[in-house]
Amino acid sequence: MFAGVQSALDPYGPYAAVIAEITWVLFIGGALIFVLVMALAGWALWRRPAWLAQDRAIVWGGIVFPLVALSALLVYTLARGTALDSRQPPFAQIRVVGQQWWWQVTYLGPQGEVDFITANEVHIPVGREVEVVLDTADVLHSFWVPNLAGKLDLVPGKQNRMRLAAARAGTWRGQCAEYCGGPHAQMAFFVVAEEEEAFEAWRAQQRRPARSSNDLFNARCAACHTVRGTAAAGTLGPDLTHVGSRVSIGAGILSNNTGAIAGWIASSQHIKPGNLMPSFREFSGEELRSLAAYVEALK
Ligand SMILES: [Cu+2]
């Protein structure tokens, strides 16, 4: 009933599990008190018991009970919330920069140096803690992968840090959770948790430059996109060196295949109105097909 790739009630890691537990305790606690208050209100209406009208009932039911109940829930949430601060050193650091309206994802090396750059997709090894350093290139955004962790804002001029951890392998969807203008609702991403061996293979592949270059791409797309190992070195849009290996394109909104890529190139403004990539209507069918095939093959 609560299962899903974007559900806070379907936790897959230690941090999300704490948040889901607090959610349930508060929800069930609130529901029980609601039922009790409604029962007393019904009783008062239909039976008019004298004791309910006395000062004592008001002091105990209206002051002492809420004070005790709310204080207990406050102490519980504060105590349980400490489990969200990790003290162990992270397995790896990832810098995520929110951009209108996509995510730049930089894997950092042990000294904080850039290992490689990708976009709209985060991979983590199962059972390990990864630290995500959150930054923004423009306005406020918010990074939220409900199945794995809480929500944290990306604030101009400030670096926020959070931990991501998954207990099992899987793919989850995250979303920008702070209105950032125009196509904010279409600013999503995916988190892929995989066994360490698969993660290391992915990381090694992401570090490699692209195998091929394309003249039309270099002429028309390189101003905004980087494909490492080729002349394309633009930074206005997502790094496309290994875009063909990603789950989706358009920041989590289209499945990744040649047809969707061709559609995106020809009419990105129709698919995601207001985003910062123009629609390219001028390409012939053949040019579009060859461009899409090139982009799709960047694995
Ligand atoms: Cu947003």
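Given the structure is predicted, the values throughout are model-derived calculations rather than measurements. (Residues numbered from 1 in each chain as written. Predicted model: local features only at pLDDT ≥ 70, side-chain atom pairs only at ≥ 80, totals over all residues. Heavy atoms only, no water.)

J.: Let's hear about the sheet that holds strand 5 (residues 130-136): which residues, and what values?
T.: Taken in spatial order, the five strands make up an open sheet running 3-2-1-5-8, and their pairing is mixed. On the outer flanks of this sheet lie strand 3 (114-119) and strand 8 (160-164), each paired with one strand and no other. With direction set aside, neighbouring strand axes in the sheet form an average angle of 25°. Sheet analysis places strand 2 (residues 102-108) next to strand 3, joined by five bridges and oriented antiparallel. By the bridge assignment for strand 3, glutamine 104 is matched with alanine 119. (Pairing = 2+ DSSP bridges. Helix = DSSP H or I, 4+ residues; strand = E, 2+ residues; numbered from the N terminus. Axes fitted to C-alpha atoms, helices over the stretch in contact; angles between N-to-C directions.)

J.: Before we move on, can you summarise the nonpolar core with the specific residues and values?
T.: A general tendency of soluble globular proteins is for nonpolar side chains to be buried together. Core analysis: the biggest nonpolar cluster contains 30 residues, and Ile124, Phe143 and Leu164 have the highest contact counts within it. For this core, the secondary-structure elements that each account for two or more residues are strand 1 (92-99), strand 2, strand 4 (121-125), strand 5, strand 8, strand 9 (170-176), strand 10 (188-194) and helix 3 (196-207). When neighbours within four sequence positions are excluded, leucine 164 is seen to be in contact with Val122, Ile124, Arg128, Glu129, Val130, Val132, Phe143, Val145, Leu148 and Ala149. Formed by 25 residues, the second largest nonpolar core is a distinct cluster that contains Phe217, Val227, Trp264 and Ala292. (Core = buried A, V, L, I, M, F, W, Y, C linked by side-chain atoms within 4.5 Å. Buried < 20%, exposed > 50% of the residue type's maximum accessible area, 1.4 Å probe, protein only. Contact = heavy atoms within 4.5 Å.)

J.: Quick one: what's the story with the packing of helix 1 (residues 14-46) against helix 2 (residues 55-81), residue by residue and with numbers?
T.: Viewed as axis vectors pointing N to C, helix 1 and helix 2 meet at an angle of 170°, and their least axial separation amounts to 10 Å. If you check the angle between helix 1 and helix 2, you find them roughly antiparallel. On helix 2, the residues that touch Val18, Glu21, Ile22, Val25, Leu26, Ile33 and Leu36 of helix 1 are Phe65, Ala69, Leu73, Tyr76, Thr77, Arg80 and Gly81. For the contact of helix 1 with helix 2, the residue count by class is ten nonpolar, two polar and two charged. (Parallel < 35°, antiparallel > 145°, perpendicular 65-115°, else oblique. Nonpolar A, V, L, I, M, F, W, Y, C, P; charged D, E, K, R; others polar.)

J.: Got a sec to walk through the sheet that holds strand 9? Specific residues and values, please.
T.: As summarised here, the arrangement of the five strands in space is 4-10-9-6-7, forming an open sheet in which the pairing is mixed. Edge strands, defined here as strands with exactly one partner in the open sheet, are strand 4 and strand 7 (151-154). Taking each pair of neighbouring strands and ignoring which way they run, the sheet shows an average axis angle of 25°. Note that strand 4 and strand 10 share five bridges and pair parallel. Residue pairing in the sheet places valine 122 in a bridge with valine 191 of strand 10.

J.: Explain the pattern of salt bridges to me, and be specific about the residues and the numbers.
T.: As enumerated under the stated definition, the model contains ten salt bridges in all. The closest approach of N and O atoms between glutamate 21 and arginine 80, which form a salt bridge, is 2.9 Å. Of this pair, glutamate 21 sits in helix 1 while arginine 80 sits in helix 2, and the two are 59 residues apart along the sequence. With relative accessibility at 31%, the residue glutamate 21 sits in the partly exposed group. Note that arginine 228 and aspartate 239 form a salt bridge whose closest N and O atoms lie 3.9 Å from each other. Within this pair, whereas arginine 228 is found in the loop between helix 4 (215-220) and strand 11 (248-249), its partner aspartate 239 is found in the loop between helix 4 and strand 11, the two being separated by eleven residues in sequence. (Salt bridge = Lys/Arg side-chain N within 4 Å of Asp/Glu carboxyl O.)

So, to be careful, I would describe these as geometric facts and stop short of saying anything about function.
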